[in-house]
Amino acid sequence: MRLGRGLLAALAALSPVAASAQTDPAPPTTAGTDEKLALPAGYKQVWADEFDSPGLPDPKHWAYDTSRNKEGWYNNELQYYAAARPENVRVEKGRLILEARKERLADKLDFGGQDYSSGKLITRGLGDWKYGFIEVRAKLACGRGIWPAIWMLASDGKTGWPAMGEIDIMEHVGWDPGRVHGTVHTKGYNHVAKTQKGSNVMVPDACTAFHDYQLDWNEDRILIGVDGRAYMRFDNDHKGDPATWPFASPQYLILNVAVGGWGGQKGIDPAAFPSRMEVDYVRVWQKR
């Protein structure tokens, strides 16, 4: 999710431009591939949410991230992330809904002046994994200015971003409909230094149909893909250097719909609201 939601102080230490939350990163340094992506043999399911119970998301699986509402979110994003508010986050008809809306929630104690509301869910402390196969079946929120993402961060964030490591399983920016991105960020490879590793692929009906957004992560490499086909590969150089491979420790999953930031580089269309990402299920498998 670009700046990784890491500590702003850590970003400032990395680069003088980081603290300004740049929203026009260079295109990812290519790590493209085209290979089959499938659940590896010998894996078992260790975590899942099928979203079968209507109402708010299951608190045994999900928590809300509202940590930057008052100060404002990184990347020049413009949303307020609401907690336990069904207008923004709810389960209905077997699907998780994350909905961005054009509204000011000025009655909230942590309101930061935002003109938009949305939702951000995390599994930190509830679902954290080192290696595995992750599949999120989703239909994306779309419209100019909208930026949905399915991504991961290190559960132990003491090293700060980007040293902690980030895996972006899916990002979609509304001004470029149908193009989904997969990216990794590390201390050695990140968009502040214009060295991030990633690739993208066209999914023409990403806004109108469900697709399987997938991550296959093991000690040797990361594969990111859609519907059983990988389009991005990042290999472990096995040098034992966390600056290039910080992915030997647990990470947690994040689902969110941002407004502005990378998604707002070409403005925000008022007609885009409300815009929702629908998630049919989230499933995680690991080696037996």
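Residues numbered from 1 in each chain as written. Predicted model: local features only at pLDDT ≥ 70, side-chain atom pairs only at ≥ 80, totals over all residues. Heavy atoms only, no water.

Enquirer: Sorry, what's going on with the overall build of the protein chain here?
Expert: Secondary structure summary: the protein chain contains one helix and 20 strands in total. Over its C-alpha atoms the protein chain spans a radius of gyration of 17 Å, differing by no more than 12% from the 19 Å that the globule rule assigns to 288 residues. C-alpha extents for the protein chain along the principal axes are approximately 50 × 45 × 35 Å. Buried residues in the protein chain amount to 55% of all 288 residues. Looking at the protein chain alone, contacts between residues at least 24 apart form 73% of all its contacts between residues at least 6 apart. Here the protein chain displays about 11,600 Å² of accessible surface, and carbon together with sulfur accounts for 50% of that area. Here the protein chain contributes 35 positive and 36 negative side-chain charges, whose respective centroids are spaced 1 Å apart. (Helix = DSSP H or I, 4+ residues; strand = E, 2+ residues; numbered from the N terminus. Rg over C-alpha atoms; globule rule 2.2 N^0.38 Å. Buried < 20%, exposed > 50% of the residue type's maximum accessible area, 1.4 Å probe, protein only. Contact = heavy atoms within 4.5 Å. Areas by Shrake-Rupley, 256 points an atom, 1.4 Å probe, with all protein chains shown as cover. Lys, Arg positive; Asp, Glu negative; His and termini not counted. Charge placed at Lys NZ, Arg CZ, Asp CG, Glu CD.)

Enquirer: Could you clarify how one ought to interpret the side chain of Lys120 in this entry?
Expert: Here Lys120 shows up in strand S9 (residues 120–122). Judged by its relative accessible area of 1%, Lys120 is buried. At 2.8 Å, the side chain of Lys120 forms a polar contact with the side chain of Asp65. (Polar contact = N/O pair within 3.5 Å; in protein donor to acceptor, adjacent residues only side chain to side chain.)

Enquirer: Help me understand the pairing of strand S17 (residues 221–226), please; the structure alone is not making it clear to me.
Expert: The two faces of the sheet receive side chains in turn, since in a regular strand these alternate between them. Most of S17 is tucked away: six of the six residues are buried. Bridging between strand S16 (residues 211–217) and S17 involves five bridges; their strand directions are antiparallel. If you follow Leu215 over to S17, its bridge partner there is Ile224. Connecting the antiparallel pair S16 and S17 is a turn made up of three residues. Examined bridge by bridge, S17 and strand S18 (residues 229–235) share six bridges and lie antiparallel to one another. Paired with Leu223 across the bridge in S18 is Arg233. (Pairing = 2+ DSSP bridges.)

Enquirer: Would you mind showing me how to read the side chain of Glu166 here?
Expert: If you trace the backbone, Glu166 turns up in strand S13 (residues 166–172). Engagement of the side chain of Glu166 in a polar contact is seen with the side chain of Trp161, the distance being 2.7 Å.

Enquirer: Help me understand the state of the cysteines, please; the structure alone is not making it clear to me.
Expert: A covalent bond between the sulfur atoms of two cysteines is what we call a disulfide. Under the criterion given, the structure shown has one disulfide. In this model, Cys142 is linked to Cys207 through a disulfide, with the two sulfur atoms separated by 1.9 Å. Taking the sign of the S-S torsion, about -85° here, the bridge from Cys142 to Cys207 comes out left-handed. Residue Cys142 is found in the loop between strand S11 (132–139) and strand S12 (146–154), and its partner Cys207 is found in the loop between strand S15 (197–202) and S16; the two are separated by 65 residues along the sequence. Since its relative accessible area comes to 18%, Cys142 is described here as buried. Using a relative accessible area of 25% as the deciding quantity, one classes Cys207 as partly exposed. (Disulfide = S-S within 2.5 Å.)

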